[in-house]
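A closer look at the structure
Okay, here's what each chain looks like letter by letter:
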Amino acid sequence: MTERVERSYRKMLGCEGLIYIGYQEHPIRVVNLSLSGLLAELNDASPVHVKSIFKSIQISPLVDIYLPKLRVAGEAEVVRAEEAERCLQIAVEFRNLTYDIDDLLYRRRAYRKNMTAHGQIIITDEVYAFDTENVSVDGLMASLSLKVEVQPGSIVHFSFKHLELQGEGQVIWVEQGPASTLLGLKYLHLERDSIPGVPHFINR
């Protein structure tokens, strides 16, 4: 059993992927891989990008990764970053991974990042507070701490003060508990072109 797992990991050496760091997506090549993390080379990093990446890591070592061949995406923590010959090497430890991501990307079209943010949403002229469960460049999952009557297909307006983001969305699905409501929203209109901290990782 152990030998089979080790052989499969060796086959993945050199596989390509993406890392989202410093509000930018960068292509990476996986040098080696373990159950707890990986070492990757970032070959497109110019001297300017390298400085920006090091600065971003100092602010927060958490990054997002997407490895198509492994069908894995999620959050990781940078534990080491150093300049090597003609590239930047980054070692990360996995924190929160999603498997079979190809199927999820096929259905959702974009990577969903686990993110908690407080916002306000307007449903049939009433304003409610909500928290996000996850966020993508296409939509979000919103959690309300009360039961609200809303139907799939409804159009709502929402805003996030600290993200400086507001827009209009369509309710795709609704799940209700005794005193809670969970909504899946698809963006119809956003007041800005990107969402801070959320990579695309779009399945094309």
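Treat the numbers as computed from the prediction; the structure is a model and nothing was measured.

1. So, the overall build of the chain
Assigned secondary structure in the chain consists of 3 helices and 13 strands. In the chain, buried positions account for 40% of the 204 residues. Considering only contacts in the chain between residues 6 or more positions apart, those separated by 24 or more positions represent 54%.

2. Topic: the packing of aromatic side chains
The final tally for this structure, using the stated rule, is 3 aromatic pairs. For the pair F130 and F160, a centre-to-centre distance of 5.4 Å together with 70 degrees between the ring planes defines the contact as edge-to-face. Taken as a pair, F130 in strand β9 (residues 126-135) and F160 in strand β11 (residues 155-160) lie far apart in primary sequence, 30 residues in all. For F130, a relative accessible area of 3% puts it in the buried group. Exposure remark for F160: the relative accessible area of 3% places this residue in the buried category. Residues F158 and Y187 carry aromatic rings whose centres are separated by 5.9 Å and whose planes lie at 35 degrees to one another, so their mutual orientation is tilted.

3. Brief notes about the environment of I121
By the secondary structure assignment, I121 is in strand β8 (residues 118-123). On the accessibility criterion, I121 (0% relative accessible area) is buried. In this structure, the C-alpha to C-alpha distance between I121 and E168, residues 47 residues apart in sequence, is 9.4 Å. Apart from the residues within four sequence positions on either side, I121 is in contact with E126, V127, Y128, F130, L144, V156, H157, F158, L183 and L185.

4. A few points about the nonpolar core
Of all hydrophobic cores here, the largest spans 22 residues; its most connected members are I19, L38 and V63. Counting residues per element, the ones that place at least two in this core are β1 (16-21), β2 (24-33), β3 (37-42), α2 (47-59), β4 (62-67), β5 (72-84) and β6 (87-99). Ranked by residue count, the leading element in this core is β6, at 5 residues. Excluding its chain neighbours within four sequence positions, the residues that come into contact with I19 are Q24, E25, H26, I28, L42, V63, D64, I65 and I90. Core analysis: the second largest hydrophobic core is formed by 21 residues, F158, L163, L183 and Y187 among them.

5. What to know about the pairing of β5
As judged from the 6 bridges shared by β4 and β5, these two strands associate in the antiparallel manner. Opposite I65, over in β5, you have G74 as the bridge partner. In sequence, β4 turns back onto β5 through a hairpin of 4 residues, with R71 there showing a positive phi of about 60 degrees.

6. Looking at the side chain of T132
Here T132 is to be found in strand β9. Residue T132 is classed as buried on the basis of its relative accessible area of 2%. One polar contact links the side chain of T132 to the main-chain amide nitrogen of A117, over a distance of 2.8 Å.

7. Here we look at the environment of G139
In this fold, G139 is placed in strand β10 (residues 139-144). The class of G139 is buried, set by a relative accessible area of 0%.

8. Some thoughts on unusual backbone geometry
The general pattern is negative phi for most residues beyond glycine and trans for most peptide bonds. The phi dihedral of T124 is positive, around 45 degrees, even though this residue is not glycine. A relative accessible area of 65% places T124 in the exposed class. A positive phi is found at D125, a non-glycine position, where the angle reads about 70 degrees. Relative to the helices and strands, D125 is located in the loop between β8 and β9. Judged by its relative accessible area of 75%, D125 is exposed.

9. Comments concerning the pairing of β1
With 6 bridges joining them, β1 and β2 adopt antiparallel strand pairing. Residue pairing across strands places I21 opposite Q24, the latter belonging to β2. What sits between the antiparallel neighbours β1 and β2 is a turn of 2 residues, in which G22 has the positive phi angle 60 degrees. Relative to β4, β1 runs antiparallel, the two sharing 3 bridges.

Rules and cut-offs
- Residues numbered from 1 in each chain as written.
- Predicted model: local features only at pLDDT ≥ 70, side-chain atom pairs only at ≥ 80, totals over all residues.
- Heavy atoms only, no water.
- Helix = DSSP H or I, 4+ residues; strand = E, 2+ residues; numbered from the N terminus.
- Buried < 20%, exposed > 50% of the residue type's maximum accessible area, 1.4 Å probe, protein only.
- Contact = heavy atoms within 4.5 Å.
- Phe/Tyr/Trp six-rings, centres within 6.5 Å; stacked < 30°, edge-to-face > 60°.
- Core = buried A, V, L, I, M, F, W, Y, C linked by side-chain atoms within 4.5 Å.
- Pairing = 2+ DSSP bridges.
- Polar contact = N/O pair within 3.5 Å; in protein donor to acceptor, adjacent residues only side chain to side chain.

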